[in-house]
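A closer look at the structure
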Amino acid sequence: MSQSASAVINPAPSEPPTRRSWGITNPLARFLIVRFLLIFPTVFILVTMVFVLMRSIGDPITAALGGRLTAAQLAERISSAGYDRPILVQYFEYLGQVFTGNFGTAITDGRPVSELLVTYGSATLELAFYAVLVALIVGIPLGMVAAYFRDKWPDAVLRVAAILAYATPVFFAGLLLKLVFAVWLKVLPVAGRASTRTELQLSTLEDKTGIYLIDAFRLGSPAAIGDVLSHAVLPGLALGLLTAGIFLRLVRTNVIGSLSMDYVDAARSRGVSEYRLVRKHAYKPALIPIITVIGLQIALLLGGAVLTETTFEWKGLGFKLVEYLGARDFVAVQGIVVLLAVIVALTNFIVDIVAAIIDPRVRY
């Protein structure tokens with residue numbers, strides 16, 4: 001048989017086709033690039049929706065100052081702000097301002113919205129950190145306990161508690177916590193981020209971060225640190241328990257699913273105790289969905305922060321958002337909402353990175 005016939009009958013083995021995207025063969029790098037690029041259309045759509053909704057009620061000057069100025073004064077303010085121009089011209093000008101970090105100027109107090117975002121955004125960030133910490137500390141261990149005592153009375157109690165934590169409105173939970181711990185027991189402050197004395201001490205720092213706990217550590221005062229933490233307990237609990245209920249049920253479901261896997265059955269057949277199976281083998285796979293859900297819960301936390309900050313007079317973005325809504329200052333409202341949308345988009349991107357690093361299946 002000739003070589004040519006042999007080559008036809010026994011062709012040389014070819015390499016399996018590899019999936020390529022823009023010439024990038026690393027699955028993790030390709031995944032991260034795609035997720036990063038998706039941030040831009042997401043933010044663009046959100047900015048457009050906020051702009052259209054805010055303009056659907058008319059120009060912001062009339063909404064905020066209508067009835068307090070004469071018709072001539074109102075027309076002059078509208079013209080000087082450019083709100084009498086075509087809506088498309090205003091839209092493209094607003095897009096240009098947003099991409100340069102200029103969110104306009106609040107109508108009611110004349111403060112740049114970007115300054116408001118920096119000043120009050122750090123407070124909301126600090127509150128969200130406390131809430132996530134409470135959710136992780138409470139939700140994950142109790143979810144493991146519920147899975148360990150599956151279909152027994154501790155499991156039933158914890159499941160009911162999780163439903164109550166998730167279903168209770170955050171402002172109602174905040175009022176109950178204030179009533180019990182601040183009014184009846186008098187062990188925790190009723191409102192605010194810190195006492196007046198601590199705030200005066202923090203104001204002496206140069207280059208303040210706006211995050212009171214970090215600034216209190218920089219101050220080096222144990223009394224200031226304790227004061228800041230004591231003020232954070234009730235708001236953190238009120239907002240964190242909302243998400244803790246979700247984490248508890250999610251961990252319970254995934255741990256129970258992990259306990260039915262073959263490798264767990266093999267460990268059980270070797271005499272490994274059920275407690276060790278839950279603690280060493282089943283809980284790690286159950287944490288992967290938690291990481292994914294955290295990104296989705298950030299939006300819920302930021303929405304709940306509006307009510308929590310108002311309930312506890314925690315002066316963050318939610319607190320100011322309620323003030324500006326009451327004053328119908330839609331320029332400031334628009335800037336705050338856009339920033340919250342950007343935070344949610346960036347948080348989900350970070351969560352995607354962590355999930356892809358921990359679980360390789362996410363990359364494909």
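Let us look at the structure shown here. (Residues numbered from 1 in each chain as written. Predicted model: local features only at pLDDT ≥ 70, side-chain atom pairs only at ≥ 80, totals over all residues. Heavy atoms only, no water.)

Considering the side chain of Asp 155
The line we're drawing: A helix here means a DSSP run of H or I that spans at least four residues, while a strand means a run of E at least two residues long, and both kinds are numbered starting from the N terminus. We define a polar contact as two N or O atoms separated by no more than 3.5 Å, with the added condition that, inside protein, one atom must be a possible hydrogen donor and the other a possible acceptor, whereas residues neighbouring each other in sequence contribute only through side-chain atom pairs. Residues are treated as being in contact if the distance between any of their heavy atoms lies within 4.5 Å.
As for its position among the elements, Asp 155 is in helix α7 (residues 153-167). A distance of 2.9 Å separates the side chain of Asp 155 from the backbone nitrogen of Asp 151, its partner in a polar contact. When near neighbours in sequence (up to four residues on either side) are disregarded, Asp 155 contacts Ala 146, Phe 149, Arg 150 and Arg 252.

So, unusual backbone geometry
For clarity, the threshold we go by: Categorising residues by exposure relies on relative accessible area from a 1.4 Å probe, with only protein chains included: less than 20% of the type maximum marks a residue as buried, more than 50% marks it as exposed, and the intermediate range marks it as partly exposed.
Here the phi dihedral of Lys 186 falls at roughly 55°; this positive angle occurs in a residue that is not glycine. With respect to the element layout, Lys 186 can be found in the loop between α8 (170-184) and α9 (196-203). Overall, Lys 186 belongs to the exposed group, its relative accessible area being 65%. Of note, the phi angle at Asp 207 is positive, near 55°, even though the residue is not glycine. Tracing the sequence through the fold places Asp 207 in the loop between α9 and α10 (212-219).

Section: the pattern of salt bridges
The line we're drawing: Think of a salt bridge as a Lys or Arg side-chain nitrogen and an Asp or Glu carboxyl oxygen that are within 4 Å of each other.
Tallied over the full model, the rule gives eight salt bridges. With its nearest N and O atoms 2.6 Å apart, the salt bridge here joins Arg 193 to Glu 126. Residue Arg 193 is found in the loop between α8 and α9, and its partner Glu 126 is found in helix α6 (residues 113-148); the two are separated by 67 residues along the sequence. Across this residue pair, the class does not change: Arg 193 and Glu 126 are buried. For Glu 323, the salt bridge is made with Lys 320, and the minimal N-O distance between the two is 2.9 Å. Of this pair, Glu 323 and Lys 320 both sit in helix α14 (residues 317-326), separated by three residues, roughly a single helical turn. Its relative accessible area of 10% is what places Lys 320 among the buried residues.

Digging into the packing of α7 against helix α11 (residues 222-259)
Our working definition: Note on geometry: axes are C-alpha line fits, over the in-contact stretch for helices, and angles between N-to-C directions span 0 to 180 degrees. For classification purposes, angles smaller than 35 degrees are called roughly parallel, those larger than 145 roughly antiparallel, those between 65 and 115 roughly perpendicular, and all remaining angles oblique. Should the near helix be turned counterclockwise from the far one by less than a right angle, the crossing is left-handed, whereas a clockwise turn marks it as right-handed. The nonpolar class holds Ala, Val, Leu, Ile, Met, Phe, Trp, Tyr, Cys and Pro. Asp, Glu, Lys and Arg form the charged class, and all remaining residues, Gly among them, are polar.
Between α7 and α11, whose axes approach to 7 Å, the crossing angle comes to 140°. Of the possible angle classes, the one that applies to α7 and α11 is oblique. With respect to the hand of their crossing, α7 and α11 are arranged in left-handed fashion. For the pair formed by α7 and α11, the contact residues are Asp 155, Leu 158, Arg 159, Ala 162, Ile 163, Ala 165 and Tyr 166 on the first element and Leu 241, Leu 242, Gly 245, Ile 246, Leu 248, Arg 249 and Arg 252 on the second. Grouping the amino acids of the contact of α7 with α11 by side-chain chemistry returns nine nonpolar, one polar and four charged.

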